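Chain by chain, the residues run as shown.
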Amino acid sequence: MTQTYYSEYNQFFVSVDCIIFGFENGKLHILLGKRKLTPGRGLWSLYGGFVNPAESLNAAAARVLYDLTGLNGIYMRQVGAYGEPKRDPGSRVISVAYCALINVADYDENLRRQYDLRWVEIDQLPTLYSDHETMVKDSHEMLQKHIFTEPLCFSLLPEMFTLTQLQKVVESILGKELDKRNFRKRIKQCPAIVGTGIIDKSSSRRGALLYSYDSSCTDFHL
């Protein structure tokens, strides 16, 4: 005889929602799509899915991210749980939000078209379904809190980058400009950022030195 536990309690759905950040044309972007499900069909939304019975929360988020981007091992961090009783008019759904960072150049454009998604600048977001705007806000604030103490920005950059590109990424996350001289002074004090000796001449005749992030270095700070 199969024993049924907790039958006297209400049953809820658990989902994950992914806030995927990318950096393009000097701006921080978020990957959005329009809901294919009712309720909220046609509204702008983050991408997510329900947690399968045999999945952990992290595994569910990793699955959703892989389905959406085709990328494994990307930066992923839990932001928080969202469980207002009426957040989803379809049923009682508790969602756990995850922040992800990807280099836009690594993202398969065919997948973007397949899922009918769009990169939208963070300061030009449309009205989003349910509490997704709160999820985006909380994710952005989390990035701002950790940008100087964790190597977040390198997930948004190519493997080799200029200091100007690095500064633009940091500025796009903070939402403000930084003094160039002071920023480069801070970079010189970070042993995890190393010069490659390669000059990038794509933006000027003189060119700019390309740098890379040494992930084996445990001493990171900006």
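Starting afresh in each chain, residues are numbered from 1 along the sequence in its written order. Only residues with pLDDT of at least 70 get local features here, since the model is predicted, and only at 80 or more are side-chain atom pairs given and counted; chain-wide, interface and lining totals rely on the full set of residues. With hydrogens and water stripped out, all remaining heavy atoms of the structure feed into the side-chain values.

S.K.: Would you take a moment to explain the overall build of the chain for this structure?
M.R.: When helices and strands are counted, the chain shows 5 helices and 9 strands. Its helices and strands in sequence order give the chain the pattern β-β-β-β-α-β-β-α-β-α-α-α-β-β, from N to C terminus. Each principal axis of the C-alpha atoms in the chain carries an extent, and together these give about 75 × 35 × 30 Å. Going through the 222 residues of the chain one by one, you find that 41% of them count as buried. Considering only contacts in the chain between residues 6 or more positions apart, those separated by 24 or more positions represent 65%. Note on areas: Shrake-Rupley, 1.4 Å probe, and residue coverage restricted to the protein chains presented here. Counting only carbon and sulfur atoms, one obtains 49% of the accessible surface of the chain, whose full area is about 13000 Å². Averaging the locations of the 26 positively and 25 negatively charged side chains of the chain gives two centres separated by 6 Å. Starting at the N terminus, helices and strands are each numbered in turn, a helix being any DSSP run of H or I of at least four residues and a strand any DSSP run of E of at least two. The buried label applies to any residue whose accessible area, calculated with a 1.4 Å probe on protein chains only, is under 20% of its type's maximum; exposed applies above 50%, and partly exposed to all values in between. In what follows, residue pairs with any heavy atoms lying within 4.5 Å of each other are defined as contacts. His is not counted here, nor are the chain ends, while Lys and Arg score as positive and Asp and Glu score as negative. Every charge is mapped onto a representative atom, which is NZ of Lys, CZ of Arg, CG of Asp or CD of Glu.

S.K.: Looking at this structure, how should I read the pattern of salt bridges?
M.R.: Once their charged atoms are close, side chains differing in charge can pair, the charge on each being opposite to the other. A carboxyl oxygen of Asp or Glu within 4 Å of a side-chain nitrogen of Lys or Arg is what we treat as a salt bridge. The full count for this structure, using the stated rule, is 6 salt bridges. Across the salt bridge formed by Glu55 and Arg63, the nearest N and O atoms sit 2.6 Å from each other. One salt bridge connects Arg113 with Glu109, and the closest N-O pair in it is separated by 4.0 Å. Taken together, the residues span about one helical turn, with Arg113 and Glu109 both in helix 2 (residues 109-114) at a distance of 4 residues.

S.K.: Whenever I open this one, the layout of surface pockets confuses me. Can you help?
M.R.: To find leftover empty space, a probe the size of one water molecule is rolled over the atoms. When its volume is computed, the largest pocket comes out at roughly 530 Å³. Cavities and pockets are defined on a 1 Å grid built over the protein atoms alone: a cavity is a set of grid points where a 1.4 Å probe fits but cannot escape, while a pocket is an open set with protein on both sides within 12 Å along at least five of seven lines, and lining residues are those with an atom within 4 Å of any such point. Surrounding the largest pocket, 28 residues form its lining, Arg35, Leu37, Ser45, Gly48 and Gly49 being those nearest its centre. Of all the secondary-structure elements, those providing two or more residues to the lining of the largest pocket are strand 1 (13-24), strand 2 (27-34) and strand 4 (47-50). Ten residues, namely Ala, Val, Leu, Ile, Met, Phe, Trp, Tyr, Cys and Pro, are considered nonpolar, four, namely Asp, Glu, Lys and Arg, are considered charged, and the remaining ones, Gly among them, are considered polar. Here the residues of the lining of the largest pocket are counted per class, giving 11 nonpolar, 10 polar and 7 charged. Of the voids in this model, the second largest pocket is the one considered here, and its volume is about 260 Å³. The wall of the second largest pocket is formed by 17 residues, among which Asn103, Asp106, Phe154, Ser155 and Leu157 lie closest to the centre. Grid points are joined across faces, edges and corners, and a volume is the space filled by probe spheres set on the points.

S.K.: Can you help me understand the packing of aromatic side chains in this one?
M.R.: A ring pair, where both rings are aromatic, is described by two values, the distance of the centres and the angle of the planes. Paired rings are identified among Phe, Tyr and Trp, the last through its six-membered ring, by centres lying within 6.5 Å, and are further divided according to the angle between planes into stacked (under 30 degrees), edge-to-face (over 60) and tilted (the rest). Within the structure shown, the criterion is met by 8 aromatic pairs. Between Phe154 and Phe161, the ring centres sit 5.5 Å apart and the planes meet at 35 degrees, which makes this aromatic pair tilted. This pair shows no difference in class: Phe154 is buried, exactly as Phe161 is. A connected cluster of aromatic rings, assembled from ring pairs, spans Phe154, Phe161, Tyr213 and Phe220. By definition here, charges over rings are those cases where NZ of Lys or CZ of Arg is within 6 Å of the ring centre and within 35 degrees of the ring normal. Positioned over the ring face of Phe12 is Arg92, at 4.9 Å from the centre of the ring.

S.K.: It is not clear to me how the side chain of Thr162 should be interpreted in this structure. Could you clarify?
M.R.: Here Thr162 is to be found in the loop between helix 3 (132-146) and helix 4 (163-174). Residue Thr162 is classed as buried on the basis of its relative accessible area, which comes to 8%. The residues contacting Thr162, other than those within four sequence positions of it, are Asp200, Ala208, Leu209 and Leu210.

S.K.: Sorry if this is basic, but what is going on with the nonpolar core here?
M.R.: Soluble globular proteins tend to bury their nonpolar side chains together. We define a nonpolar core as any set of buried Ala, Val, Leu, Ile, Met, Phe, Trp, Tyr and Cys residues linked to one another through side-chain atoms lying within 4.5 Å. By size, the foremost hydrophobic cluster in this structure holds 41 residues, and its most contacted members are Phe21, Leu166 and Ile193. Those elements that place two or more of their residues in this core are strand 1, strand 2, strand 6 (93-101), helix 3, helix 4 and helix 5 (180-188). Ranked by residue count, the leading element in this core is helix 4, at 6 residues. Once you skip the residues sitting within four places of it in the chain, Leu166 turns out to touch Cys153, Phe154, Leu157, Phe161, Phe183, Ile187 and Ile193. If you look at the next biggest cluster of nonpolar residues, it comprises 20 residues, including Leu31, Leu65, Tyr98 and Tyr107.

S.K.: It is not clear to me how helix 1 (residues 57-69) should be interpreted in this structure. Could you clarify?
M.R.: Two residues of an α-helix separated by three or four positions point the same way, owing to the 3.6 residues in each turn. Taking 1.5 Å of rise per residue, the 13 residues of helix 1 would be expected to cover 18 Å, and the 18 Å separating its terminal C-alpha atoms lies within 8% of that figure. If you check which residues of helix 1 are buried, you get Ala60, Ala61, Val64, Leu65, Leu68 and Thr69. Looking straight down helix 1, one finds that the buried residues subtend no more than 145 degrees of arc, so they occupy a single side. One or two residues past the end of helix 1 sits Gly70, with phi positive at roughly 75 degrees. Residue count minus one, scaled by 1.5 Å, sets the expected span of a helix. Starting at the helix axis, one direction is taken to each C-beta atom, and the arc is that of these directions.

S.K.: Is there a simple way to think about unusual backbone geometry in this case?
M.R.: For the bond from Thr38 to Pro39, the omega torsion is 10 degrees, close enough to zero to count as cis. Locating Pro39 in the fold gives a position in the loop between strand 2 and strand 3 (44-45). For Tyr6, which is not a glycine, the phi torsion comes out positive at approximately 60 degrees. As for its position among the elements, Tyr6 is in the segment before strand 1. Of note, the phi angle at Ser130 is positive, near 50 degrees, even though the residue is not glycine. Mapped onto the fold, Ser130 is located in the loop between strand 7 (117-121) and helix 3.

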